[in-house]
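Listed here are the chains, written in short residue letters.
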Amino acid sequence: MTTARSWKALLPWMTAFAVAMAFLESAVVVDLRALYYPQGFAFPLVALDRRIAATELVRELGTLVMLLAPGALLTRRRLERFAWFCYGFAVWDLFYYVFLKAILGWPVSLFTWDILFLLPVVWVGPVLAPCLVSVGLAALGLLLLHKRAQAPTFRPSKRHWSALVASGVLLLYTFMEEPLHHLHAKGSGLRADAAMMALQDYLPAHFDWPVFL
């Protein structure tokens, strides 16, 4: 079980790990954009080769496993594992955009639209949205680690968990609403390669900021 001092001592290493992962993620995206968007990334999307699409899906799953693994190695306590995952995910996502900006000069602004994830369907949104989520996740992770260090028996209440889950569902809705509506209108399935093909004429037009906030 980690103490208040030990989790703070581990924080720089966890941060360095997440930043390094962010660079690897951004490097992959730089290569993909050089192949599929040589003039610079913009909607509508270019259809990915089926093998590339499948590889991307597995890579995203692998990324989640890698973000879960450090916390699992540090502690057997589920809440601390969850807290470390939240913090690692947040740092990884924020620095992913930092590196893309440094390497490609992209995004042009925080309101530039981006593909955020591919599982279980394409997520889209202005860059500001996932950045705000990441700031919240980092704060949540650090708060949980601090609380558990102060009181090892501390647990969020059922009300807190219900609020977190409900918020997560609403966030996912805002990211998936438009792509799912477009896929439904096109009669497309959710398989990554088919979805990317069906989204070739999709242009993001609206992000539900009130629901997101």
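In what follows, the structure referred to is the one given above.
Criteria and thresholds
- Residues numbered from 1 in each chain as written.
- Predicted model: local features only at pLDDT ≥ 70, side-chain atom pairs only at ≥ 80, totals over all residues.
- Heavy atoms only, no water.
- Helix = DSSP H or I, 4+ residues; strand = E, 2+ residues; numbered from the N terminus.
- Rg over C-alpha atoms; globule rule 2.2 N^0.38 Å.
- Contact = heavy atoms within 4.5 Å.
- Areas by Shrake-Rupley, 256 points an atom, 1.4 Å probe, with all protein chains shown as cover.
- Lys, Arg positive; Asp, Glu negative; His and termini not counted.
- Charge placed at Lys NZ, Arg CZ, Asp CG, Glu CD.
- Buried < 20%, exposed > 50% of the residue type's maximum accessible area, 1.4 Å probe, protein only.
- Pairing = 2+ DSSP bridges.
- Phe/Tyr/Trp six-rings, centres within 6.5 Å; stacked < 30°, edge-to-face > 60°.
- Lys NZ or Arg CZ within 6 Å of the ring centre and 35° of its normal.
- Expected span 1.5 Å × (residues − 1).
- Bend = angle between axes of the 7 residues up to and from the residue.
- 1 Å grid on protein atoms, 1.4 Å probe; cavity = no way out; pocket = protein on both sides within 12 Å on 5 of 7 lines; lining within 4 Å.
- Points joined across faces, edges and corners; volume = space filled by probe spheres on them.
- Nonpolar A, V, L, I, M, F, W, Y, C, P; charged D, E, K, R; others polar.

Asker: Can you lay out the overall build of the protein for me, pointing to particular residues and giving the numbers?
Answerer: Helix and strand counts for the protein stand at 7 helices and 2 strands. Here the protein has a C-alpha radius of gyration of 18 Å; the compact-globule value for 213 residues is 17 Å, and the two agree. The dimensions of the protein, computed from C-alpha atoms along their principal axes, are 55 × 35 × 30 Å. Partitioning the contacts of the protein with sequence separation of at least 6, the portion at a separation of at least 24 is 71%. When the accessible surface of the protein is summed, it comes to about 11800 Å², and 70% of that surface belongs to carbon and sulfur atoms. Across the protein, the 18 positively charged side chains and the 13 negatively charged ones have centroids separated by 17 Å.

Asker: Describe the environment of Asp 208, and please don't skip the residues or the numbers.
Answerer: Counting through the fold element by element, Asp 208 comes out in the loop between helix 6 (192-198) and helix 7 (209-212). Residues within four places of Asp 208 in sequence aside, it is in contact with Tyr 173, Thr 174 and Glu 177.

Asker: Give me the pairing of strand 1 (residues 113-117): which residues, what numbers.
Answerer: In terms of burial, strand 1 is a largely internal element, 5 of the 5 residues being buried. As paired strands, strand 1 and strand 2 (residues 123-126) are joined by 4 bridges and run antiparallel to one another. Across the sheet, residue Trp 113 finds its bridge partner in strand 2, namely Pro 126.

Asker: Account for the packing of aromatic side chains, with residues named and values stated.
Answerer: Two aromatic rings are characterised by how far apart their centres lie and by the angle between their planes. Following the criterion strictly, the structure yields 21 aromatic pairs and no others. Ring geometry for Tyr 97 versus Trp 106: centroids 6.5 Å apart, planes at 35°, classification tilted. Accessibility expressed as a relative area gives 7% for Tyr 97, which makes it buried. The ring of Trp 106 carries Arg 33 above its face, with NZ or CZ at 4.0 Å from the centroid.

Asker: Help me get a handle on the side chain of Glu 25, residues and values and all.
Answerer: Position of Glu 25 among the secondary structure elements: in helix 1 (residues 4-36). The residues touching Glu 25, leaving out its near neighbours within four places in the chain, are Arg 59, Thr 63, Trp 92 and Tyr 96.

Asker: Got a sec to walk through helix 5 (residues 158-186)? Specific residues and values, please.
Answerer: Relative to the 42 Å expected for 29 residues at 1.5 Å per residue, helix 5 spans 40 Å between its end C-alpha atoms, a close match to the ideal helical length. The largest bend in helix 5 amounts to roughly 50° and is located at Met 176, with the proline Pro 179 lying one to four residues further along. Of all the positions in helix 5, only Leu 171, Thr 174, Phe 175, Met 176, Glu 178, Pro 179, His 182 and Leu 183 are classed as buried. One or two steps after helix 5, the chain reaches Gly 187, where phi turns positive at roughly 70°.

Asker: Break down the layout of surface pockets for me, with residues and values.
Answerer: In this structure, the largest pocket encloses a volume near 1300 Å³. Phe 89, Leu 116, Phe 117, Trp 123 and Phe 175 are, among the 44 residues lining the largest pocket, the residues nearest its centre. Of all the secondary structure elements, the ones that give two or more residues to the lining of the largest pocket are helix 1, helix 2 (50-74), helix 3 (78-104), strand 1, helix 4 (128-150) and helix 5. Looking at the lining of the largest pocket element by element, the count peaks at 9 residues for helix 5. In terms of residue class, the lining of the largest pocket is built from 32 nonpolar, 5 polar and 7 charged.

Distances and angles like these do not, on their own, reveal function.
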